[in-house]
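Understanding the architecture of this molecule
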There are 4 protein chains.
Amino acid sequence: MKTLKIVTIGGGSSYTPELVEGFINRYEELPITELWLVDIEEGREKLEIVGNLARRMVEKADLPIDVILSYDRKEALKDADFVTTQMRVGQISARIKDERIPISHGMIGQETNGAGGMFKAFRTIPVILEIVKEIQELCPDAWLINFTNPAGMVTEAVLNYTEFKNVIGLCNVPFDMKQGISKQMNYDADKVRLELSGSNHNVFITDFFYEGNSVINEVVKSYVENSEKTLAMNNFDALSYPPELLKSLNAIPCPYHNYYYFTQEQLEKNLQEYKEGNVRGEVVEQLEKELFEIYKDQSLDIKPAQLEQRGGAHYSDAACSLINSIYNNKQDIQYVNTLNNGAISDLPSDCAVEVACVITKDGPKPISVGSLKPQIKGMIEVIKNFEKLTIEAAITGDRDLAITALSSNPLCPSTYKAVEVVDELLQAHKLYLPQFNQK
Amino acid sequence: MKTLKIVTIGGGSSYTPELVEGFINRYEELPITELWLVDIEEGREKLEIVGNLARRMVEKADLPIDVILSYDRKEALKDADFVTTQMRVGQISARIKDERIPISHGMIGQETNGAGGMFKAFRTIPVILEIVKEIQELCPDAWLINFTNPAGMVTEAVLNYTEFKNVIGLCNVPFDMKQGISKQMNYDADKVRLELSGSNHNVFITDFFYEGNSVINEVVKSYVENSEKTLAMNNFDALSYPPELLKSLNAIPCPYHNYYYFTQEQLEKNLQEYKEGNVRGEVVEQLEKELFEIYKDQSLDIKPAQLEQRGGAHYSDAACSLINSIYNNKQDIQYVNTLNNGAISDLPSDCAVEVACVITKDGPKPISVGSLKPQIKGMIEVIKNFEKLTIEAAITGDRDLAITALSSNPLCPSTYKAVEVVDELLQAHKLYLPQFNQK
Amino acid sequence: MKTLKIVTIGGGSSYTPELVEGFINRYEELPITELWLVDIEEGREKLEIVGNLARRMVEKADLPIDVILSYDRKEALKDADFVTTQMRVGQISARIKDERIPISHGMIGQETNGAGGMFKAFRTIPVILEIVKEIQELCPDAWLINFTNPAGMVTEAVLNYTEFKNVIGLCNVPFDMKQGISKQMNYDADKVRLELSGSNHNVFITDFFYEGNSVINEVVKSYVENSEKTLAMNNFDALSYPPELLKSLNAIPCPYHNYYYFTQEQLEKNLQEYKEGNVRGEVVEQLEKELFEIYKDQSLDIKPAQLEQRGGAHYSDAACSLINSIYNNKQDIQYVNTLNNGAISDLPSDCAVEVACVITKDGPKPISVGSLKPQIKGMIEVIKNFEKLTIEAAITGDRDLAITALSSNPLCPSTYKAVEVVDELLQAHKLYLPQFNQK
Amino acid sequence: MKTLKIVTIGGGSSYTPELVEGFINRYEELPITELWLVDIEEGREKLEIVGNLARRMVEKADLPIDVILSYDRKEALKDADFVTTQMRVGQISARIKDERIPISHGMIGQETNGAGGMFKAFRTIPVILEIVKEIQELCPDAWLINFTNPAGMVTEAVLNYTEFKNVIGLCNVPFDMKQGISKQMNYDADKVRLELSGSNHNVFITDFFYEGNSVINEVVKSYVENSEKTLAMNNFDALSYPPELLKSLNAIPCPYHNYYYFTQEQLEKNLQEYKEGNVRGEVVEQLEKELFEIYKDQSLDIKPAQLEQRGGAHYSDAACSLINSIYNNKQDIQYVNTLNNGAISDLPSDCAVEVACVITKDGPKPISVGSLKPQIKGMIEVIKNFEKLTIEAAITGDRDLAITALSSNPLCPSTYKAVEVVDELLQAHKLYLPQFNQK
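Cut-offs used in this document
Throughout this description, residue numbers start from 1 for each chain and increase along the sequence as written. Note on labels: chains are lettered from A, ligands numbered from 1, in written order. The predicted nature of this model means local features are confined to residues of pLDDT at least 70 and side-chain atom pairs, given and counted, to a pLDDT of 80 or more, with totals for whole chains, interfaces and linings taken over all residues. Between the N-to-C directions of two axes lies an angle of 0 to 180 degrees, each axis being a line fitted to C-alpha atoms and, for a helix, fitted only over the stretch in contact. Going along the chain from the N terminus, every DSSP run of H or I of four or more residues is numbered as a helix, and every run of E of two or more is numbered as a strand. An angle counts as roughly parallel when it lies under 35 degrees, as roughly antiparallel when it exceeds 145, as roughly perpendicular when it falls between 65 and 115, and as oblique in every other case. Handedness of a crossing follows from how the near helix is turned relative to the far one, being left-handed for an anticlockwise turn of less than a right angle and right-handed for a clockwise one. Residues are scored as being in contact if the C-beta atoms we place from backbone atoms lie within 7 Å. Classification used: nonpolar for Ala, Val, Leu, Ile, Met, Phe, Trp, Tyr, Cys and Pro, charged for Asp, Glu, Lys and Arg, polar for all others including Gly. The copies are overlaid by a least-squares fit using only the C-alpha atoms of residues whose pLDDT is at least 70 in both copies. Buried, partly exposed and exposed are defined by the number of other C-beta atoms within 10 Å of a residue's own C-beta, namely 20 or more, between the two limits, and 12 or fewer respectively, with C-beta atoms placed from the backbone. Pairing between strands is defined by DSSP: at least two bridges between them are needed. Known as pLDDT, the predictor's confidence for each residue is given on a scale from 0 to 100. For a helix, the expected span equals 1.5 Å multiplied by the number of residues minus one. Nonpolar cores are built from buried Ala, Val, Leu, Ile, Met, Phe, Trp, Tyr and Cys residues. These are joined into a set through C-beta atoms within 7 Å.

All names here are of chain B. With their axes 9 Å apart at the nearest point, helix α15 (residues 399–407) and helix α16 (residues 415–428) run at an angle of 130 degrees to one another. Classed by the angle they form, the pair α15 and α16 counts as oblique. Of the two possible hands of crossing, α15 and α16 adopt the one that is right-handed. Seen from α15, the contacting residues are R399, A402, I403, L406 and S407; seen from α16, they are T415, A418, V419, V421, V422 and L426. Classifying every residue of the contact of α15 with α16 by side-chain character gives 8 nonpolar, 2 polar and 1 charged.

A few words now on the interface of chain C and chain A. Counting residues at the interface gives 35 residues for chain C and 35 residues for chain A. Taken together, the elements giving at least two residues each to the side of chain C that touches chain A come down to α9 (243–249), α11 (263–276), α14 (374–396), α15 (399–407) and α16 (415–428) of chain C. Looking at which element gives the most residues to the side of chain C that touches chain A, the answer is α14(C), with 11 residues. When grouped by side-chain class, the residues that make up the side of chain C that touches chain A number 16 nonpolar, 11 polar and 8 charged.

Placing chain B over chain D gives an RMSD of 0.0 Å and needs a rotation angle of 180 degrees, together with 0.0 Å of translation along the axis. What the superposition gives is, in effect, a two-fold axis relating one chain to the other. When the interface residues of chain B are mapped onto chain D, 100% of them again fall at the interface, so both copies present the same face.

All names here are of chain B. For strand β12 (residues 352–360), a buried count of 9 out of 9 residues is recorded, marking the element as mostly surrounded by other parts of the structure. Where strand β11 (residues 332–339) meets β12, 8 bridges bridge the pair, whose relative direction is antiparallel. Directly across from T338, in β12, lies its bridge partner V353. Where β12 meets strand β13 (residues 363–366), 4 bridges bridge the pair, whose relative direction is antiparallel. When the sheet's bridge partners are listed, V358 is paired in β13 with K365. If you look at the hairpin formed by β12 and β13, you'll find 2 residues sitting between the two strands.

With that settled, consider the pairing of strand β7 (residues 192–199) of chain C. Residue and element names in this part refer to chain C. The buried count for β7 comes to 7 of 8 residues, which makes it a mostly enclosed element. Sheet analysis places β7 next to strand β8 (residues 202–210), joined by 8 bridges and oriented antiparallel. The residue of β8 that forms the bridge with L194 is F208. Linking β7 to β8, which pair antiparallel, is a turn of 2 residues; within it H201 sits at a positive phi near 60 degrees.

Across the contact, 35 residues belong to chain B and 35 residues belong to chain D. Of all the elements in the fold, those that place two or more residues in the side of chain B that touches chain D are α9 (243–249), α11 (263–276), α14 (374–396), α15 and α16 of chain B. The leading source of residues in the side of chain B that touches chain D is α14(B), at 11 residues. Of the residues that constitute the side of chain B that touches chain D, the class distribution is 16 nonpolar, 11 polar and 8 charged.

Superposition of the two copies of the chain requires a rotation about an axis together with a shift along that axis. The operation relating chain C to chain A is a screw motion whose rotation component is 180 degrees, with 0.0 Å of axial translation and a residual RMSD of 0.0 Å. Counting the interface residues of chain C, we find that 100% of their copies in chain A are interface residues as well, pointing to one common contact surface.

Here the focus is the confidence of the model for chain A. Summing up the model confidence of chain A, the mean pLDDT is 94 and the portion of residues at 70 or higher is 96%. Among the scores for the predicted complex, ipTM is 0.95 and pTM is 0.95.

All right, on to α14(B) then. Residues and elements named next belong to chain B. The terminal C-alpha atoms of α14 lie 33 Å apart, and with 23 residues this matches the ideal 33 Å at 1.5 Å per residue to within 8%. For α14, a buried count of 20 out of 23 residues is recorded, marking the element as mostly surrounded by other parts of the structure. Positive phi shows up at G397, right after α14, with a value of about 65 degrees.

In this structure, A:L170, B:L170, C:L170 and D:L170 are the most contacted members of the largest nonpolar core, which totals 571 residues. Dropping the residues within four chain positions of it, B:L170 is found in contact with B:I145, B:N146, B:F147, B:A151, B:Y315, B:A318, B:A319, B:L322, B:V336 and B:N337.

Further remarks concern unusual backbone geometry. With omega at -10 degrees, the peptide bond leading from A:N149 into A:P150 counts as cis. Within the secondary structure layout, A:P150 lies in the loop between β5 (143–146) and α6 (151–161). We note that B:N341 has phi near 50 degrees; this positive angle belongs to a residue other than glycine. By the element assignment, B:N341 lies in the loop between β11 and β12. If you check the backbone angles, C:Q91 has positive phi at about 55 degrees while not being a glycine. One can find C:Q91 in helix α4 (residues 91–104).

Rendered as structure tokens:
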């Protein structure tokens, strides 16, 4: 009998119930036989709680999916069809340091493409490359769906520093933008297609099609009038874009662009949170504690509603949808991080971009975007370039390069600060950064 | 009530019954209210014959499609939704000259991207630009689906020399290659997707997916063993590719590549045909005469089987399918000539390429191909470049440039011959080439 | 008899004596017959002072150069061989506004590629385009040597928005960097050749050759140890680059990069100057007053030593040297702003770059730089892109675009500030910005 | 005391006296202490003859240059400053096969970028890579000046398949074109500068400067009138270019373009020579015999006049001039084969191109050419691409790729012929092609 084996690394994550729900809902098309939830020993307590909830969910759905908890990655990977990665090297406390240390020097931490994201990349990339090595040995035809942040850099690291090509980076931002704007416009989101331009957390909607017709002008017009409200839908503060900028871009920035277009205001807000002890990582830590209390409830056998409120919701659902389209060669359009291969002419062919792709059994096939217009080109290039330097520093452990990378980031107020922040973060995360501590 | 108006310029073509059949078969999805068949006075007899057959076909199908015959292009274009062009400037006798004159100088005529195709471009491009001007005035939102050869050059001319962007060039070659190879491989052609690389009649299948899996290795292997038989399916002589070439390309050349890979053998064959008075144009002339005899039969009310044998079959069906996908925003994948926009990194962004596209209401969106591998790059570039020169000569009427263009074509044995052939063809087609005869 | 006519627009500038000295020193090779100093009526007093000094200098040198003062640009341009532009639209008081207004909103003014430079471009580009139109009519073979800031943007505007190609942008920064570092390294500056990468005021020395040997490693090493001292040579505050950055760049940033690498510190310093009423423009205003007092002295007949201390010294000497090399087809290497034409692969072919060029009678021929390394690529691209947007806004008078341009500048702390600063500067310079005030 | 050591591999070549004369003439600037002439045992007789002549020449010039004959390449290379390579793997008889075998199949042999050149590349590239390995070990800072044909491909092979970057390919074609046209135009060749576009033996003069002024229009006009006469100056048959082509190119093709623009006529001529037993290789063989008879004359102590008549004259003088400019960091402009590095935007950055370069102690620095105009772009790309495939086949010994490479060459009349020609040449040169005979 044909098997379909999914392995989720970082299975003890609070997002797992969404993933399980996604698989249950798609069972008819995606007949999973084994779902392996893998974690490390330090995560045993969480994995047991989440794993038991997953089993109750499957049982309630009355489906023959075998949920297996494992602390042995290699055992789990053997013959897998899909591997998803959602682990957090250094746990939530590492993220809190990623955010608190930069801000203590007057620099926004930004856990994805700022100083914090840089160190998340430093901790995560070596582990992912290890996992890829194991996949190449144990399940070389599997697809690796990564939604560990920084998802773009992790994808690019695999594409550029290994021979493994079956990797896709996934983010909920495009999904949430599509949903949010559709709601705002009273559109049926299923009839919407986006032209996305950029890379992860550095992406613009540069065209918006409803029932096949370009309505970007209407969307921008509405956004000009409502950007505050629209943005309020996600876990960002609602800063309203000046109409002048939006009209000139004729594109919709992603929520993370707030950091770049409103650096000063974000910095002030982050400083306030820092003083009050509720930077995003600290908020998330508390949210997760509450979620796990809920998950423990033996009578719970569905995804609890509270998970929706956690930033990053829909990540897992996007992953299920992506796996489904690959497995069934659906050739539908999804928004993922993949090899540029010329899709955006201005960016290097070998970098990772986040664009609309046709999803096939052979992976995502990006639709050509062509040249970026100058209104967004500088922003996309400067951050993409920061990522390239960061990935190289993550691989080589080159401290000078790390400082240079950070000083090239638009959020860095001064190269002197870059030195201080890099050094303090290197010290704080020493345990997880062996590449920087050789010799 | 909503109308859907199609205008077919060159409506008196022998291909029209296929087009009409295609529309009839898709009526449920594509509820055409008016089908205008337009031609010039010289084509009145043919248009009457074909138009009457079309009406009998529609009547038999019992559909409320109004078939209107017209000799007034402007009247026809008013408020059209789709315009298809299949006219032949100078009629079949011009094609015969395109083929006979070069071969009389020892040069292959090649009616699409050889000397013959160059002059077909010279005759056709100015007329198409005139039509585009009328479309911009009378039905600016219409889509122009061109299947007049040379379809790639005509498309590129519109893209580069007008402001009109709703143009698509269509050819039956990708369709026929897909069908032919699928048959050879015992594949269901509906489950096949191609990666196409190149431009019209200068295109390679560089990847071949069956049910989403890449099977290009198997296809090339089978082609190595059977290329003679496979090629025999179309209107080209069956020349078997040396296995060494196919293995090294790891791609399938299109039938027109015969001219370039087997120039000497094709030249000999063409010389033979020239002497016997049956160059392709002469054969087609005879075929058409026979077809029109059949069309005249008042009892005929379906597309006659004999049309299948005419080279170029499936052109019209491909057009119907394309129109359907645009109209209904199907987002399926078809193979058309469209703006490169970076899809093939090695070719200019503003040229026309023939690649796999997602077909949407907003037109075709090419899937990125990336860089061409060097095994096929030289061939694609040199012919694409010939086309660019040819288009410029077609617009400017620059005889020196025409000679330079032809001398850059791999089929041209010597620049001296280029001078002779250009001059004799300029003379022969004088009536249709006013741009070369100014002052 | 052969004439050689130079026209200097903005002839009343305090720099003119340096220019005159340069021409006198090179008279043997560059036998100027007429030097026209042109200014506007508002500048009559200054022009008279400077013009008389120029005449005394020429007289003392005993050379047959005719110095002509003119307030009629067209009369002056007739049959010119070289035209230099060093005018300041809006005089020094406009520059003071360019600096004080942004800083009053907490944004660095930066008179070349910050908010101030943007408005200098807005005021200057339309005037330059007018001059170009006159040159095309009155002296179409003349070379236009522009050293009005922002020199890079002005050059790019002429290259992209006119048909006139004989334009070169000139800056003293490369010259001063070469001299400064040579002095630091105890090198004979005449035996030094630079590889420059970037655009005006956004340029790095990416290789440094002494007697033909690459010594960039030694130069960077020395710079690491002495950057404070080296930088102190020019009119920038001495901020010492962190060694980590310099080692990783393996390149020498230009002095203006201080603004980008030390934004926070520069901002604080600029705020201090703002409060004390001595922003750079104000300092320059005072310096110029003193210079003109000196120039008035009828016994002065050489360039006074005090001019050396004025920032921007050597501009005029660089111009003389450039004119000399063009006139005599010297084929030596100089560092100018010219059409990229692929010299830096990562930047658009049609933009202006500042690179090492072979100077010929046919103009500067850039030496290929190839790809930029990622350590400097992001910085160069983001500012180059800001310039492109700025130039387009200067031509079109599009306020939205001006705001978008400024918000893309790394010195802009927030898009909200961009709106405020643009609006206040538009108001302040209203008189000189007719393009923004139409309808 | 400072030494300057030159090593000439293939020292027994008939060209060596020109090289020696060049060194003697430049002794004041280029004070060579040791000139090593290296050859293989099979070449002992020739090396002794040439070596003795060299010694007599040096003695007559009364210079302290030590001429050393050696059969031990490693001994010779130790501490060399410059290495020149002019060896012919397989001797002149191999060249004769390169020419006779293709023509026996109706294909032009063309010893540089046709079938013959392909096999010369196959024999030569592995030997050059071996030499490079030795240089890297024994004299890593030396410059390798290669004038073994195919000089472009050999240079590209070193650049792309080794870490050694100090390689320059040299050809007499640009020098001869410059001289020939200057003579035709009554120009002083020393005041001429060319813009060259292309690669070795596939190069066009796209601009021509006399005393710094562009005179390409005049040159083309004159060439239109005199191309027959001008071309007659070199060892090619005088075929007159049609004026139409030259006017449209507005560029001067190199003599080797005769093969591509006049393929049919060249083929007929080559067939005639083949039948008469005087293909170029056979003519050269006879010429060389005569030269060596002359060289033997013990009273001869200068370069004999007869050497001038040998095609390829000036190669060695160009080499001396290049070495001189590198040694003395002259920064003059010469025309060499070097890394593209973006100089020609349309060609890959990592390929070898033949362009105008500033010659420095750090090697040649190409002057940017920018984009190729379409009139010459196709020709340059298709041959460059053939070269890339050929180099890869030379390294890998992949017969399929060799066939594919040859079938992509415009001189190949049919892929069937490519198979025959490749197989017969592989057999004929078996001894020198170990890479094709593995397993």
